[in-house]
Amino acid sequence: MSSPRQQPQDRLEVSSLQAASPSQASDASGAAPTPKPFLMIWFRCCSTYARIPKSPDGLTYRGRCPKCLAKLEVPVGEGGTNRRMFEAE
Ligand SMILES: [Zn+2]
């Protein structure tokens, strides 16, 4: 009996498996265009911009004015929000 595993087609299977690995690695390194969970806020109180991160529960964005440390909380609307810029009094 001759073994079919000695045919060169087996090598093609191996190379295709190796080609799949780099795509997973680049996805883990952040190369994929995934939106970062933060909002740009214009703090009118101090006329400055700041980024506030999304809360761990994913329901709000929470942060503070970098100058006067006024708290700000922006709820995440249903289906998310298209706005990436908000004003805070
Ligand atoms: Zn302020």
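Residues numbered from 1 in each chain as written. Predicted model: local features only at pLDDT ≥ 70, side-chain atom pairs only at ≥ 80, totals over all residues.

### Concerning the overall build of the protein
Here is step 1 of the chain: Across its full length, the protein carries one helix and five strands.
Here is step 2 of the chain: Helices (α) and strands (β) of the protein occur, in sequence order from the N terminus, as α-β-β-β-β-β.
Here is step 3 of the chain: By the burial criterion, 7% of the 89 residues in the protein qualify as buried.
Here is step 4 of the chain: Taking all contacts inside the protein whose residues are at least 6 apart in sequence as the whole, residues at least 24 apart take part in 24%. (Helix = DSSP H or I, 4+ residues; strand = E, 2+ residues; numbered from the N terminus. Buried ≥ 20, exposed ≤ 12 C-beta atoms within 10 Å, placed from the backbone. Contact = placed C-beta atoms within 7 Å.)

### Describing the nonpolar core
Here is step 1 of the chain: In terms of nonpolar packing, the biggest core is built from five residues, these being L39, I41, F43, I52 and Y61.
Here is step 2 of the chain: For this core, the element with the most residues is strand β1 (residues 38-43), which contributes three residues. (Core = buried A, V, L, I, M, F, W, Y, C linked by C-beta atoms within 7 Å.)

### Points about the environment of L69
Here is step 1 of the chain: Along the chain, the position of L69 falls in the loop between β3 (60-64) and β4 (71-75).
Here is step 2 of the chain: A C-alpha to C-alpha distance of 10.0 Å links L69 and C46, two positions 23 residues apart in sequence.

### Here's the deal with the pairing of β1
Here is step 1 of the chain: The alternating pattern of β1 places L39, I41 and F43 on a buried face and F38, M40 and W42 on a face that is not buried.
Here is step 2 of the chain: Relative to strand β2 (residues 48-53), β1 is paired through six bridges, and the arrangement is antiparallel. Residue pairing in the sheet places I41 in a bridge with A50 of β2.
Here is step 3 of the chain: The antiparallel pairing of β1 with β2 creates a hairpin that spans four residues between the two strands, and S47 there sits at a positive phi of about 50 degrees. (Pairing = 2+ DSSP bridges.)

### Some remarks on the confidence of the model for the protein
Here is step 1 of the chain: For the protein, mean pLDDT is 74; residues scoring 70 or higher make up 52% of the total.
Here is step 2 of the chain: Mean pLDDT in the protein bottoms out at helix α1 (residues 9-28), which sits at 52, and peaks at β2, which reaches 93. (pLDDT = per-residue confidence, 0-100.)

### Here we look at unusual backbone geometry
Here is step 1 of the chain: Here the phi dihedral of S47 falls at roughly 50 degrees; this positive angle occurs in a residue that is not glycine.
Here is step 2 of the chain: With respect to the element layout, S47 can be found in the loop between β1 and β2.
Here is step 3 of the chain: Residue L69 is not a glycine yet carries a positive backbone phi of 60 degrees.

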